[in-house]
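Commentary on secondary and tertiary structure
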Amino acid sequence: MTEAAPHPSVEPHDGPRLRRLSPEGRQAQIAELVLNAGSVSAQELAEAFGVSVMTIHRDLDELQRQGVLRKARGAATAQPSGTFESNVEYRAKANIDAKRMIAQYACRHVEPGMSLILDDSTTALQMLPHLAELTPLTVATNYLTALNELARMRDIRVIALGGQYDVHHDSYLGTVCVDTIRSLRFDAAFLSTSAVREGHAFHQEDRIVAVKREMVEVVGRAHLLIDHSKLARSAMHRLLPIRRFESVIVDAGTSDSALATLREHDVRVDVAGPAEH
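This write-up is about the structure you can find in this document. Just so it is clear, the structure is predicted and the values come from calculations on it, not from any experiment.

1. Here's the deal with the nonpolar core
Judged by nonpolar contacts, the single largest core of 36 residues is most densely connected at Ile117, Leu161, Ile181, Leu224 and Val250. When contributions to this core are tallied by element, the ones reaching two or more residues are helix H10 (175-182), strand S9 (186-191), helix H11 (206-217), strand S12 (219-225), strand S13 (237-241), strand S14 (247-251), helix H12 (256-263) and strand S15 (269-272). Examining the composition of this core, we find that five residues originate from one element, H11, more than from any other. Apart from the residues within four sequence positions on either side, Ile181 is in contact with Ile117, Leu161, Val211, Glu214, Met215 and Val218.

This is how it looks when you write it as structure tokens:
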């Protein structure tokens with residue numbers, strides 16, 4: 001009997017090992033494959049792991065329950081939808097060059113001595129290497145990865161915005177986080193979000209919206225950092241009108257028509273990168 005071909009993301013010599021995995025081990029490997037590939041069909045996964053499609057669907061149901069991925073049209077995907085925000089591991093890799101460009105540009109709005117608040121976005125995270133050159137600073141965030149990196153930097157006073165830890169976002173959320181933000185004041189905030197449509201920023205989760213809104217409320221100036229992919233998406237919960245931000249910073253992959261649409265809403269739009277618009 002000919003052995004089924006593995007998924008392209010799996011090396012051929014991995015086949016026997018994958019077939020010996022426990023359900024928990026198989027689910028962990030499925031999650032890794034989907035987070036790396038973005039989307040994989042249930043049939044491909046069944047062939048790669050040597051199990052039935054029904055077994056794969058049970059695995060995907062569990063991973064969807066955990067918020068790692070979602071099922072869509074017979075496939076597993078890490079990509080966002082109007083109600084599903086991608087896992088932080090996937091977001092950290094997606095459009096990374098654009099995010100780095102945007103983050104570097106955003107640091108033009110930072111001067112030594114300022115107090116900043118950063119959200120749990122993987123775009124704002126890319127500001128950290130540049131902030132090290134703008135010290136002294138006070139930086140607050142609810143993003144655990146950012147807190148760990150900031151704690152290793154010299155001349156940066158770090159404020160942890162606590163709350164209930166959420167592994168899907170690698171951040172602290174909930175009323176404790178909101179109340180902590182509300183008790184403080186900062187010079188500037190740098191945020192991202194999942195989608196921008198019709199002059200408003202949107203996000204899939206209302207608890208994320210609550211935290212981001214409070215961040216904007218407690219600063220002198222707030223900047224919205226969005227790569228071009230977010231201008232073609234939709235999400236369920238309205239965050240804020242984009243005119244509420246001091247500026248919207250996009251990457252050079254943003255089309256001229258998308259830039260024109262953004263600028264219709266009485267907001268400064270800056271393009272990060274080599275392209276001129």
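2. A few points about the sheet that holds strand S2 (residues 70-72)
Across the sheet, which stays open at both edges, the three strands sit in the order S1-S3-S2 with antiparallel pairing between neighbours. The sheet is open, and its two borders are formed by strand S1 (39-41) and S2, each paired with just one other strand. Taken over all neighbouring pairs, the strand axes of this sheet differ in orientation by 30° on average, direction set aside. Across three bridges, the pairing between S2 and strand S3 (residues 75-77) is antiparallel. If you follow Arg70 over to S3, its bridge partner there is Thr77. Against the sheet, helix H4 (residues 53-65) contacts S2 and S3, and its axis sits at roughly 130° relative to S2.

3. Concerning the pairing of strand S5 (residues 137-141)
Counting buried positions along S5 gives five out of five residues, so the element sits mostly inside the fold. By the alternation rule, side chains of S5 split into Leu137, Val139 and Thr141 and Thr138 and Ala140, which are all buried. Two strands pair when backbone bridges link them, and strand S4 (residues 115-118) and S5 are joined in this way by four bridges, in the parallel orientation. Note that in S5 the partner of Ser115 across the bridge is Thr138. Across five bridges, the pairing between S5 and strand S6 (residues 156-160) is parallel. Bridge pairing in S6 places Val139 opposite Val158. After leaving S5, the chain enters helix H9 (residues 144-150) and then returns to the sheet as S6, a path that is right-handed.

Here is what the cut-offs are and how they apply
Sequence positions are assigned chain by chain, starting from 1 and proceeding in written order. Given that the model is predicted, a residue must reach a pLDDT of at least 70 before its local features are reported, and side-chain atom pairs must reach 80 or more before they are shown or counted; all residues, however, enter totals for whole chains, interfaces and linings. Side-chain numbers here rest on the full set of heavy atoms in the structure, without hydrogens or water. What makes a nonpolar core is a set of buried Ala, Val, Leu, Ile, Met, Phe, Trp, Tyr and Cys residues whose side-chain atoms join them at distances within 4.5 Å. Three exposure classes are used, based on accessible area relative to the maximum for each residue type with a 1.4 Å probe and protein chains only: buried under 20%, partly exposed in between, and exposed over 50%. Strands here mean DSSP runs of E at least two residues long; helices mean DSSP runs of H or I at least four residues long; both are numbered from the N terminus. The contact rule is simple, with two residues in contact once any of their heavy atoms fall within 4.5 Å. Two strands qualify as a pair provided DSSP detects at least 2 bridges between them. Every axis in this analysis is a line fitted to C-alpha atoms, fitted for helices over the stretch in contact. Angles between the N-to-C directions lie between 0 and 180 degrees. Handedness of a crossover: with both strands directed away from the viewer, a clockwise path from the first strand across the helix to the second marks it as right-handed.

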